[in-house]
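One-letter residues, chain by chain:
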Amino acid sequence: MKYSVLVIVLLTLMSCQPKHDTPVTIYLHDNWTFKSVTDSIWKSATVPGNVHSDLLDHKLIKHPFIGANEDSLQWVSETGWEYKTSFSVDKETLQKKHIELNFEGLDTYASVFLNDSLILNTNNAFRAFKVDAKSALKPVNDLRIVFERTSISEEKEKAKLGYQLPEGNRIFTRKAQFQYGWDWGPKLNMSGIWRPVTLSAWNGFRIDDIYLEQLDLNKEFAHMVINLKNESIIENHLDYDIYINNNLYKTYENKEDSKERHFKPLVVSIENPKLWWPHNLGEPYLYDIKVVVRDDETILDSISVKKGIRTIELITEKDSIGESFYFKVNDVPVYAKGANYIPQNSMQDKVTDAHYEKLLDDVVDANMNMLRVWGGGIYENDIFYDLCDEKGILVWQDFMFACAMYPGDEYFLENVKKEAIQNVKRLRNHTSIVLWCGNNENSEGWHRWGWQKDRSEQEKDEIWSNYLKVFDSILPNTINQLTDTPYWESSPRYGRGNPKYKTEGDAHDWWIWHDAYPFEHLEENVPRFMSEFGFQSFPSYEAIRYINQSDSIEISSAGFKNHQKHVRGFELIDDYMQRDFPIPKNAEDYVYVSQLLQAYGITKGIEAHRRAKPYNMGTLYWQLNDCWPAVSWSSIDYFGHWKALHYQAKKSFENVLISQTLKNNMLNIYVINDSSGSFYDMLTIKISDFNGNILHEFPEGIAIEGHSSDIKYVLDLTPFNLNTNAIVITSSIKNATSNFFLVKPKDLKLKKAPIEQTITKTKSGFKITLKSTTLHKNIFLYTKAKGHFSDNYFDLMPNENIVIEIETKENTLTDLKIKSLNDLLD
């Protein structure tokens, strides 16, 4: 009897469980093989991936990141390739009413065959393609994809034009433009299945897309509409359960007169909403919103979105100087601090979730609140934007057009339109994305780089008209129709040859580097928003050893020189170094000083921009990261090592910053506060010699307003008759400290003295305590142990202890070495 009751109870419980008739998604990533179209031998392949990675896995090519191997691999992109696999589909799936094959990314010109029948031709690596495969599928299926080399289509499209468009044939192909070679990256034109391939099957209903549209926001309520795009053949009434943070918020029940509910928006109101903020201004809070669609008790499909509630505005208002350019989040002006982001690897399949996590942690750790996703790379994987949402990083998102003029024929424009629609729909729920920008430097190139030379008026009119079709029509119209995120036509608004570059819109200042202007130019020419400026440095010792496959630091080998892609790169680094720093006599020291040089120049710019707030409201340097080990503008090298710039930018990006200027012996001390809160504190100014003797001290109580930048103290140095080569001025307030030197680094009279060090084991690595009797400038700690120092390239003040931690899995740190600028100065 007891057993009978138990069975009845179990059957009753089972009958109460909701039934499921949800879509099925099967990843087709197994059993792939590949070969060149002229070969007969198939070899195993990894999907998602690319041809270069597969060739590398089979040791059929040398690694393109080592030495000059890149040069010998150009045949790969001039070869056609094909991939194939076989896959089974079970009886239950085959009986579904709808079955699709989905290709999320094929790079680029591909012909897809299912069971020897051509089902698809693709022409855009940035687009997803889907094919109705219901009638063609069998229990066992063969799938084959043939990739044509890009040059075939490019030459065909080029032949249709009666003129040459700027920047080569890459403009005809919709794929990552940097793969054709850039002044910081290799020429490795990838081909292959670079994003997932899936099979989707469903019966009567499927959710295709969700868009959470924010209608109104105030302190009491956030009103949103959930727009669902469905595919449905169900005539029954459907119910929609809406969950917020795993709690059932509301069920939309269909009534007799609302059979079309599944085509109508669902309204949500959140009481006392918690707002999403960039991480330096508040918590980047995300709501978990889920929609479950039911046909009575049968669950048909569900979808979840993490959404932050916030407002975003791009403020471009005319003023007495020109026109502003800044972002307001939740009606608060935000000073943007950060860098330009490029793809993390030329072979995208090598970028793991851990790479994204670490790099974006490094962004937050360096007090950055914005990244610009540059237009010559890719629309990033979802995880990139997910993490930016979670970590409170604002994203300036370029469409993928860079440094060129593009065709304007109907075929190309339609392709671009579909690309834009797909990617905006995919990314529009991400709270972190605060701007869509049409292109990188296309407009500047047309107006300043000589691209109009020797062209007829008709030809120029046609090229510019085609530009406007994309960047003044297709892209802004797509944004306006699909999202409320602001749109900006081109970055920069004006090229640096136009005087308006300082007074309107965003600016790219390449007078530094390309035109070899001194770093002081950045202090004297501040724009409204600096979206690009930069300077190169050498990578870490580890990167150099990897390039050369040698334990020594060699920077003159042919292989290493191949990793400097700017034609004047080495020359410019040397010229700038002679101006401001001592020129080291050995390679190891030269690499070290190159990083000090980069940090010295770029932080000059960062602090000049921040001092000019609110005239200037953003500073994004070029560039955050590398796609291969190289001499480049990055602040984090290919292996994830922080260069001197990243360590020093972290300090220059602090919410509260002390920054000084010196002119005519008058020292102006600024205090910049990017946070909303005001405070009162004691500003302390000390003038000391390099032995730690305090020569003069000036305490001053000051009030600091929120979102401000003001001169808080002016000090005339004339009466003090200082030995300027041997003086440091230290200013401090509210955990912010700044050391200011009166002469260039090369002119400092630094002394030599031993550095005491104590190393203590900790749970996560080691604690290093340093002390010296004299000031040591730009101390550099390094070891072959893999790990990260909490600070580096810092100044060790005389007679003061400083504690640095290194996170590492190593059990010993016996090879720790220390450099400082003192070692290189007489």
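Up top is the structure these notes are about.
Now for a look at the structure at hand.

The rules we used
- Residues numbered from 1 in each chain as written.
- Predicted model: local features only at pLDDT ≥ 70, side-chain atom pairs only at ≥ 80, totals over all residues.
- Heavy atoms only, no water.
- Pairing = 2+ DSSP bridges.
- Helix = DSSP H or I, 4+ residues; strand = E, 2+ residues; numbered from the N terminus.
- Axes fitted to C-alpha atoms, helices over the stretch in contact; angles between N-to-C directions.
- Buried < 20%, exposed > 50% of the residue type's maximum accessible area, 1.4 Å probe, protein only.
- Contact = heavy atoms within 4.5 Å.
- 1 Å grid on protein atoms, 1.4 Å probe; cavity = no way out; pocket = protein on both sides within 12 Å on 5 of 7 lines; lining within 4 Å.
- Points joined across faces, edges and corners; volume = space filled by probe spheres on them.
- Nonpolar A, V, L, I, M, F, W, Y, C, P; charged D, E, K, R; others polar.
- Core = buried A, V, L, I, M, F, W, Y, C linked by side-chain atoms within 4.5 Å.

Focus: the sheet that holds strand E42 (residues 765–772)
Link 1 in the chain: With respect to topology, four strands assemble into an open sheet ordered E41-E42-E46-E44, the strand pairing being antiparallel. Each of the sheet's edge strands pairs with one partner strand only, and the pair in question is strand E41 (755–761) and strand E44 (787–789). Going from strand to strand, the sheet's axes swing by 20 degrees on average, the running direction of each strand aside.
Link 2 in the chain: Two elements, E41 and E42, share seven bridges in a ladder whose sense is antiparallel. Looking across to E42, one finds that isoleucine 755 is bridged to serine 772.

Observations concerning helix H6 (residues 382–391)
Link 1 in the chain: Three or more residues of H6 are buried, namely Phe384, Tyr385, Leu387, Cys388, Asp389 and Lys391.
Link 2 in the chain: Residues of H6 that are buried in the fold lie against strand E26 (336–341), helix H5 (353–365), strand E27 (370–373), strand E28 (394–398), helix H7 (410–427) and strand E29 (433–437).
Link 3 in the chain: Where H6 ends, the next residue or the one after it, glycine 392, has phi of about 75 degrees, a positive value.

Structural notes on empty space enclosed by the protein
Link 1 in the chain: Considering all chains together, one arrives at four cavities of 30 Å³ or more under this definition.
Link 2 in the chain: The calculated volume of the largest cavity comes to roughly 160 Å³.
Link 3 in the chain: Considering the residues around the largest cavity, the lining is formed by 16 residues, among which Asp107, Gln179, Trp194, Gln348 and Ile378 are closest to the centre.
Link 4 in the chain: For the lining of the largest cavity, the residue count by class is eight nonpolar, six polar and two charged.
Link 5 in the chain: Volume-wise, the second largest cavity comes out at about 70 Å³.

Focus: the nonpolar core
Link 1 in the chain: With 173 residues, the main nonpolar core has Leu143, Phe384, Phe399, Leu475 and Tyr621 as its most contacted residues.
Link 2 in the chain: The element that contributes the greatest number of residues to this core is helix H14 (residues 587–611), accounting for ten residues.
Link 3 in the chain: In this structure phenylalanine 384 touches Tyr341, Tyr356, Leu360, Leu371, Val373 and Val395, once residues within four positions along its chain are discounted.
Link 4 in the chain: With 25 residues, the next largest nonpolar core counts Ile210, Ala222, Ile242 and Val268 among its residues.

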